[in-house]
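# Chain and residue survey
Chain residues, written in single-letter form:
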Amino acid sequence: MARPMVMDVDTGVDDAVAIALASRLDSHELVALTTVAGNVPVEYATKNTLTVAAWLDLDVPVYRGMSQPLARPLFDAREHHGYDGLGGWTPDVPQREIEAQSAPEAMICLAREHQGAITFACVGPLTNLAVAILLEPRIVDWVDRLVIMGGAFFVPGNTTQHAEFNIYADPDAAALVARSGMRAEWVPLDATHETVITRDAWDRLASSEDPGEVLVREVTRRTLTELNRPRFHLHDPLAVAVVEAQEAVQMTSGTVSVDVGAFDLGRTRLTEPVAPEESSQVARHANPDVFNQIITRLLSSSR
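This section reports on the structure supplied with the text. These figures come from a predicted structure and were not determined experimentally.

Glancing now at the pairing of strand 2 (residues 28-35). The buried count for strand 2 comes to seven of eight residues, which makes it a mostly enclosed element. After leaving strand 1 (residues 3-9), the chain enters helix 1 (residues 13-22) and then returns to the sheet as strand 2, a path that is right-handed. Here strand 2 pairs with strand 3 (residues 62-64) via three bridges, running parallel. The partner of Thr-34 across the bridge, within strand 3, is Tyr-63. Note that the unit made of strand 2, helix 2 (residues 42-55) and strand 3 has a crossover that is right-handed.

Shown next, in the form of structure tokens:
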């Protein structure tokens with residue numbers, strides 16, 4: 001029986017691909033999408049999430065979340081995702097209204113409803129989850145699995161020398177989640193930089209009419225053609241693949257901490273756990289064979 005899953009997204013281009021992949025998992029059923037400011041402001045992230053859901057014909061509620069980091073100004077990534085967040089892709093699809101509840105409230109209610117069985121996949125800044133923990137500390141025990149796309153532990157960051165974007169965008173939220181007692185599975189740049197769509201693979205999607213493949217082709221077009229980059233990194237899709245099969249990455253255990261001071265802001269560190277309950281898991285490398293088997297559910301034409 002499929003287990004319930006909530007995806008927390010700041011929908012830019014790789015979030016869109018991750019949502020499409022999440023809709024094709026065997027082991028989990030997507031029961032909610034929550035949005036947060038990150039790659040783009042939350043208004044755009046929410047609109048993009050509704051667009052992606054409509055394009056994929058997903059009957060999944062969408063909850064709008066936090067518009068600002070816990071304690072700092074908003075820092076976005078529009079230079080990578082385009083001003084709108086979807087690389088300029090604007091399909092003409094009807095959109096539902098967002099739900100009345102806020103994202104943190106929805107997280108709490110869904111975790112309470114599915115205690116011990118629900119998975120949270122957080123692929124944007126961790127603001128919503130941090131607020132949910134502050135509002136209802138028992139959520140820490142209600143969530144069965146927490147998979148986080150974020151961090152750069154043993155490789156350089158993509159925002160500063162040491163910091164990955166999702167963590168740098170709200171380091172205070174990430175630090176709160178890291179010390180909350182939730183035994184998370186972190187999927188950082190260490191592993192995600194090993195998962196890509198190449199220009200050759202993208203070219204093989206040219207004639208596809210599959211909605212998922214069309215979505216991937218169009219949201220990555222700007223990166224691979226206008227910006228002329230040789231590859232598109234599948235950061236968020238790898239986190240979704242880990243939800244389906246943890247074997248998609250090679251994990252190591254330890255205690256995760258996040259720097260919130262001016263020096264090395266947003267840096268993620270892994271140390272030996274003081275006690276077993278403080279231990280989380282961090283992906284050191286991707287397992288390409290397992291990942292390719294999972295991503296093929298979405299991108300069979302590109303393989």
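Now that the structure has been shown, the text picks up again.
One way to put it is that helix 5 (residues 127-135) packs onto helix 8 (residues 171-178) with a least axis distance of 8 Å and a crossing angle of 50°. When the axis of helix 5 is compared with that of helix 8, the two are oblique. Helix 8 is crossed by helix 5, and the crossing has left-handed handedness. On the side of helix 5, the interface is formed by Thr-127, Leu-129, Ala-130, Ile-133 and Leu-134, while helix 8 contributes Ala-173, Leu-176 and Val-177.

Our next topic: empty space enclosed by the protein. For the structure on display, the rule yields one cavity of 30 Å³ or more. A volume near 40 Å³ is recorded for the largest cavity. Lining the largest cavity, in full, are Ala-37, Gly-38, Pro-69, Leu-74, Phe-75, Pro-125, Thr-127, Ala-169 and Asp-170.

For the structure on display, the rule yields zero disulfides. Here Cys-109 stays unpaired: no disulfide links it, and the sulfur of Cys-122, its closest cysteine neighbor, is 16 Å away. The exposure class of Cys-109 is partly exposed, given its relative accessible area of 33%. With a relative accessible area of 0%, Cys-122 lands in the buried category.

Right, let's get into the packing of helix 1 against helix 13 (residues 235-244). Remark: helix 1 packs on helix 13, axes separated minimally by 7 Å, with the N-to-C direction vectors making an angle of 25°. With respect to helix 13, the axis of helix 1 lies roughly parallel. In terms of crossing hand, the pair formed by helix 1 and helix 13 is right-handed. Residues Asp-14, Asp-15, Val-17, Ala-18, Leu-21 and Ala-22 of helix 1 form the contact with helix 13, whose participating residues are His-235, Asp-236, Pro-237, Val-240 and Ala-241. The class makeup of the residues in the contact of helix 1 with helix 13 is seven nonpolar, one polar and three charged.

As a further point, take helix 14 (residues 288-295). What helix 14 keeps buried is the set Val-290, Phe-291, Ile-294 and Ile-295. For helix 14, the angular spread of the buried residues around the axis is 125°, confining them to a single face. In helix 14, those exposed residues whose orientation departs by more than 90 degrees from the buried face are Asp-289 and Gln-293. Its buried side turned inward, helix 14 meets helix 1 and helix 13.

Rules used in this analysis
- Residues numbered from 1 in each chain as written.
- Predicted model: local features only at pLDDT ≥ 70, side-chain atom pairs only at ≥ 80, totals over all residues.
- Heavy atoms only, no water.
- Buried < 20%, exposed > 50% of the residue type's maximum accessible area, 1.4 Å probe, protein only.
- Helix = DSSP H or I, 4+ residues; strand = E, 2+ residues; numbered from the N terminus.
- Right-handed = clockwise from strand over helix to strand, strands pointing away.
- Pairing = 2+ DSSP bridges.
- Axes fitted to C-alpha atoms, helices over the stretch in contact; angles between N-to-C directions.
- Parallel < 35°, antiparallel > 145°, perpendicular 65-115°, else oblique.
- Left-handed = near helix turned anticlockwise from the far one by under 90°.
- Contact = heavy atoms within 4.5 Å.
- 1 Å grid on protein atoms, 1.4 Å probe; cavity = no way out; pocket = protein on both sides within 12 Å on 5 of 7 lines; lining within 4 Å.
- Points joined across faces, edges and corners; volume = space filled by probe spheres on them.
- Disulfide = S-S within 2.5 Å.
- Nonpolar A, V, L, I, M, F, W, Y, C, P; charged D, E, K, R; others polar.
- Arc of directions from axis to C-beta.

What is shown is where atoms sit, not what they do.
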